[in-house]
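Given next are the chains, with one letter for each unit.
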Amino acid sequence: MNKKIANMIDHTILKATATKEDVIKLCKEAKEYGFFSVCINPANIELAKAELKGYLILPYYVININLFFIALLIINKKEYLIYYNLHI
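Computed from a predicted model, the values in this text were never measured in an experiment.

Visitor: Could you give me a rundown of the side chain of Ser37, with the residues and numbers involved?
Guide: Here Ser37 lies in strand 2 (residues 37-40). Look at Ser37 and you get buried, because its relative accessible area is 0%. A polar contact is formed between the side chain of Ser37 and the side chain of Asp10, at a distance of 2.4 Å. With near-sequence residues (within four places) excluded, Ser37 lies in contact with Ile9, Asp10, His11, Ile57, Leu58 and Tyr60.

Following this line, the structure appears as structure tokens:
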């Protein structure tokens, strides 16, 4: 694979059923091909950080953007908690 192209790729595994072995494999592939980053679920971020230590590969995770913006718009914490509990 062309290293210039590989350095622009986010290697991703976002499925809820991803195992630790899946994340380790993802990180190994990212190191092998020189990908820019790995995108995983928040539960696996510490594992990915450990697997990628010493490499210039960014581990990151996604959040539910809709809830983030709703939280910014709602001033009253109680209102936010009610909204969140109704929509999960």
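Visitor: Kindly report on the pairing of strand 2, identifying the contributing residues and their values.
Guide: What you see with strand 2 is no split at all: Ser37 and Cys39 on one side and Val38 and Ile40 on the other are buried throughout. Note that strand 1 (residues 10-12) and strand 2 share three bridges and pair parallel. In the strand pairing of strand 2, His11 is matched with Val38. For the handedness criterion, the β-α-β arrangement of strand 1, helix 2 (residues 20-33) and strand 2 is classed as right-handed.

Thresholds applied
Residues numbered from 1 in each chain as written. Predicted model: local features only at pLDDT ≥ 70, side-chain atom pairs only at ≥ 80, totals over all residues. Heavy atoms only, no water. Helix = DSSP H or I, 4+ residues; strand = E, 2+ residues; numbered from the N terminus. Buried < 20%, exposed > 50% of the residue type's maximum accessible area, 1.4 Å probe, protein only. Polar contact = N/O pair within 3.5 Å; in protein donor to acceptor, adjacent residues only side chain to side chain. Contact = heavy atoms within 4.5 Å. Pairing = 2+ DSSP bridges. Right-handed = clockwise from strand over helix to strand, strands pointing away.

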